[in-house]
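Listed below are the residues making up each chain.
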Amino acid sequence: MTAWYELVSLPDSACAKLIAPVREAINMPLHLPGWHTLPIGPKIWDLYAQKITGHVENFVSECAAPPLSIGFNGIKDWLQNLLEIRSSILSLTLALAPFARFDEFAARNMLGLIDLSLLDISRRLTSGGPFLVEEDIRDSVEWLNVELVDDRADLISLAFKIDSSELYDANNEFSPSRIFSHYYQRAGELLDIVLPHLGSLNLPATSDVLVAVSTVGWILSCEDPVTAYCSMDSLKNRLLGSRGSDAARQALQYLRRSEPELRQGRVRINQTLSRLLAHLDDDEESHLALADLYKRMIEGPFRKYGWVHHCLSVGNWSEPPMLTQMRDALVAQGGWLGGLAQQAVIRDVRNGEAHETLFWDGVKEVFVVEGAEVEDDVVAHAIVLIDGFARGCEAAVSWFHGLSAEHKPIRPLMEDPGRLSSWRRAEAIFGTNGLKLIRANFNSKVARVVCASIAQENINPCLQSLVACSGLLPHVERFEVFTAESVESVVVASRESLERALPIWEKAIDVLSMMPLSTFLPVNLDSRLRSESLMNATRSVAWIAVDDFLDAFDGSAESWDAEELELFSRRIEIARLAIGSCLSAVPATARFRMQVVNDAVEEVLSLVRSKNFPASWDSVERSGLVERFRHWWVEWGPAPRLPTVVTPSSLSREDAQRPMLRAAPGDLRLHTL
């Protein structure tokens, strides 16, 4: 259905001035992401859908009321108003673009009908005569009425195809480490899931998989993921536009210095939220927790990220001012963030909380601050906006840092450029080793890590995690690992033992597809010495090295080719290096068993590497050297992999994978954290 309206006639020069902004807006290319995969709940979708529908109705109504009897200025104002409505529709449509159920064809059709109306108005200004309003525009918003997931569904769970009980740590915070744990040894599946989500967010695929997983999780972990996406996109563009400037450098340095405050602030925010949810049946207590939550969020992440955004916009860095000054600066700046600041910064509530002058009036059902009244819905809405803003900013900063990430085939280090905070990377490392992290405290000389469980097959992955983390957390002198059920630690590792294991691990990881048990013997010895006598510990470590040797020998093909010989040599060399490192960690009186194993492995290595020896499985077996290892295996063992880990392996010896030779990946992108 269409409607026709007629405009006043104006000179050509006046018409050209009026038409120029319209044509400029219409000719701007429309960039939509190629993917629309992120889940979204019906409550938030409907909120934004209603806004779009309202603006479309306003556009049609405004078109239907042209200034019929006024001149240039009247038509200019009218066209400007139409363009502002169009801009609002466009912005809101783009804000929904990352999310599932976004219909790109229908969205383009809706925007195209709006532009056709504007284009016809422009033509009629020049040529005269009636112009056409496409009233089908009203029907073009039908695509927004879609069936969506239940509001009770966990969006991160849907996005990563994981049960929601697996996603959060003890602080009720989204844990990327849990994602890695779930997809242990299935990295390809995880990338197939996360990369389309990044495309939906209009982000080029980052080469750091931790950044990729974290970005998607942060956007979806807040109640309003649309605000989070808009926040991320806005700050991302600011960072890219100011890349290399002093303002950007100083702003990013400020955020890096503020990282401990932001991390601990988020813990306190979650604790306050838990207090609120635990007292929903107590009207006063729950509302006091709501006010406390607001204060923590407005003074914490909003104040920091809001000021960074402002300084990048003006191109000059300064330390954040008082909240009121910052709010005024953001509002004066205008735009998306200015409008958000107007709703988010409630001065009465913030000041009342800070000065202890706020109270909850349960009879009137309002907050009262020195006579001023504020409804709880206003505070709750502000919290939702602030959380979305902060999560989006965090995602943008992490993604931007990732642009300068270096990919090195060595253990991760605290000072690696372009990476997330060391504690985030350390947590993620446990997940990439298949360990489900419950909580971790790295803010101490003695780091404490709690995992859901540790079975026999998790011992080496746990020790590997500790060796890898030691470079990220140089201040930690000792790591203690617990399980959810344990009172005492199940693994303890000093920095000294981790440093002894490091060169062995680096040698093994260069050539082997998985780590033989011997790789981490220095850490294994350190941990078991805390629960076993010196003689028992050294005998157990010697037996593990013997067991590893026999696994390498008996598990190899009886007919050796060059590759099989190389694999056997590499494996027993790892065992020799590990047992040799353990020798220096114990008194001479306790070295006998480890020393004879070390000497025997050296003898076998010399034999198989001799040019005059026909290296084959049979020739090594007939040499008589292997018989020594079989004798020691019976006499000294079996020994537990670690005496403190009592949960048996879920894998049989036959099912357990065997280390193989591997070529180092030529491209380390998406291989490092």
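What comes next is a walk through the structure. All values reported here derive from a predicted model rather than from experimental measurement.

A few words on the overall build of the protein chain. Each helix and strand in the protein chain was counted, giving 25 helices and 9 strands. Across the 673 residues of the protein chain, 52% fall into the buried class. Within the protein chain, contacts between residues at least 6 apart in sequence are counted, and of these 72% link residues at least 24 apart. Of the roughly 29800 Å² of accessible surface on the protein chain, 50% is carried by carbon and sulfur atoms. Once the 65 positive and 90 negative side-chain charges of the protein chain are each reduced to a mean point, those two points are 7 Å apart.

So, on to the sheet that holds strand S8 (residues 478-483). On the basis of which strands lie adjacent, the open sheet formed by 4 strands has the order S6-S7-S8-S9 and mixed pairing. Strands with a single pairing partner mark the edges of an open sheet, and in this sheet they are strand S6 (437-441) and strand S9 (491-494). Strand-to-strand twist in this sheet, taken as the mean axis angle between neighbours without regard to direction, amounts to 15°. One ladder, built from 6 bridges, connects strand S7 (residues 446-451) with S8; its direction is parallel.

Now for the packing of helix H12 (residues 283-314) against helix H15 (residues 347-354). The N-to-C vectors of H12 and H15 enclose an angle of 100°; their axes lie 9 Å apart at closest approach. In terms of axis orientation, H12 runs roughly perpendicular to H15. Contact with H12, carried on its side by Ala291, Asp292, Tyr294, Lys295, Ile298 and Glu299, involves Val349, Arg350, Glu353 and Ala354 of H15 and no other residues of that element. Residue classes in the contact of H12 with H15 are distributed as 5 nonpolar, no polar and 5 charged.

Turning our attention to the sheet that holds strand S3 (residues 358-361). Pairing in this open sheet of 3 strands is antiparallel, and the strands run S3-S4-S5 from one edge to the other. The open sheet terminates on both sides in strands that have one partner only, identified here as S3 and strand S5 (372-375). Direction aside, the axes of adjacent strands within the sheet are offset by 30° on average. Where S3 and strand S4 (residues 366-369) come together, 4 bridges link them in antiparallel fashion.

What follows deals with the packing of aromatic side chains. Within this structure, the stated rule accounts for 16 aromatic pairs. For the pair Trp336 and Phe389, a centre-to-centre distance of 6.4 Å together with 40° between the ring planes defines the contact as tilted. With Trp336 in helix H14 (residues 335-344) and Phe389 in helix H16 (residues 376-402), this pair connects stretches of sequence that are 53 residues apart. Take Phe389: its relative accessible area is 0%, and that puts it in the buried class. Here Trp632 and Trp636 contribute two aromatic rings whose centre-to-centre distance is 5.3 Å and whose plane-to-plane angle is 5°, an arrangement assigned as stacked. In this pair, Trp632 and Trp636 are both assigned in helix H25 (residues 625-636), 4 residues apart and thus about one turn of the helix distant. Residues Trp632 and Trp636 agree in their burial class; the two are buried. Counting every residue linked through ring pairs, the aromatic cluster contains Phe549, Phe553, Trp560, Phe568, Trp617, Phe629, Trp632 and Trp636. A cation over an aromatic ring shows up here: Lys51 above the ring of Tyr48, its NZ or CZ 4.8 Å from the ring centre.

It is worth spelling out the pattern of salt bridges at this point. This model, assessed by the stated rule, comprises 41 salt bridges. Residues Arg138 and Glu57 are paired through a salt bridge, measuring 2.9 Å at the closest nitrogen-oxygen approach. Separated by 81 residues along the polypeptide, Arg138 in the loop between strand S2 (130-134) and helix H5 (155-160) and Glu57 in helix H2 (residues 42-63) bring together distant segments of the chain. Of the residues examined, Arg138 reaches a relative accessible area of 32% and is grouped as partly exposed. Among the residues examined, Glu57 registers a relative accessible area of 33% and is labelled partly exposed. A salt bridge links Arg528 to Glu532, with the shortest nitrogen-to-oxygen separation between them at 2.9 Å. Under the relative-accessibility criterion, Arg528 is labelled buried at 0%. Residue class for Glu532 comes out buried when judged on its relative accessible area of 18%. What emerges from the salt-bridge pattern is a single network uniting Glu173, Arg266, Asp387 and Arg391.

What follows concerns the environment of Ser610. Structurally, Ser610 can be placed in the loop between helix H23 (592-608) and helix H24 (617-622). Through-space distance from the C-alpha of Ser610 to that of Phe479 is 42 Å; in sequence the pair is 131 residues apart.

Where helix H10 (residues 246-257) contacts H16, the two axes come as close as 12 Å, and the packing angle between them is 115°. On the basis of their axis angle, the class for H10 and H16 is roughly perpendicular. When the axes of H10 and H16 are compared, the crossing they make is left-handed. For the pair formed by H10 and H16, the contact residues are Leu252, Leu255 and Arg256 on the first element and Val397, Phe400 and His401 on the second. When grouped by side-chain class, the residues that make up the contact of H10 with H16 number 4 nonpolar, 1 polar and 1 charged.

Attention now goes to the pairing of S6. Note that S6 and S7 share 4 bridges and pair antiparallel. Bridging across to S7, Ala440 finds its partner in Val449. Connecting S6 to the next strand, S7, in antiparallel fashion are 4 residues.

The grouping of Leu273, Leu277 and Leu280 at the surface amounts to a nonpolar patch, some 280 Å² of accessible area in total. Within the element layout of this structure, Leu277 appears in helix H11 (residues 259-278).

It is worth spelling out the environment of Gly580 at this point. Here Gly580 shows up in helix H22 (residues 562-583). Relative accessible area serves as the criterion here: at 27%, Gly580 is assigned to the partly exposed category.

Cut-offs applied
Residues numbered from 1 in each chain as written. Predicted model: local features only at pLDDT ≥ 70, side-chain atom pairs only at ≥ 80, totals over all residues. Heavy atoms only, no water. Helix = DSSP H or I, 4+ residues; strand = E, 2+ residues; numbered from the N terminus. Buried < 20%, exposed > 50% of the residue type's maximum accessible area, 1.4 Å probe, protein only. Contact = heavy atoms within 4.5 Å. Areas by Shrake-Rupley, 256 points an atom, 1.4 Å probe, with all protein chains shown as cover. Lys, Arg positive; Asp, Glu negative; His and termini not counted. Charge placed at Lys NZ, Arg CZ, Asp CG, Glu CD. Pairing = 2+ DSSP bridges. Axes fitted to C-alpha atoms, helices over the stretch in contact; angles between N-to-C directions. Parallel < 35°, antiparallel > 145°, perpendicular 65-115°, else oblique. Nonpolar A, V, L, I, M, F, W, Y, C, P; charged D, E, K, R; others polar. Phe/Tyr/Trp six-rings, centres within 6.5 Å; stacked < 30°, edge-to-face > 60°. Lys NZ or Arg CZ within 6 Å of the ring centre and 35° of its normal. Salt bridge = Lys/Arg side-chain N within 4 Å of Asp/Glu carboxyl O. Left-handed = near helix turned anticlockwise from the far one by under 90°. Patch = residues over 30% accessible without salt bridge, like charges linked within 9 Å, V, L, I, M, F, W, Y side chains within 5 Å.

Distances and angles like these do not, on their own, reveal function.
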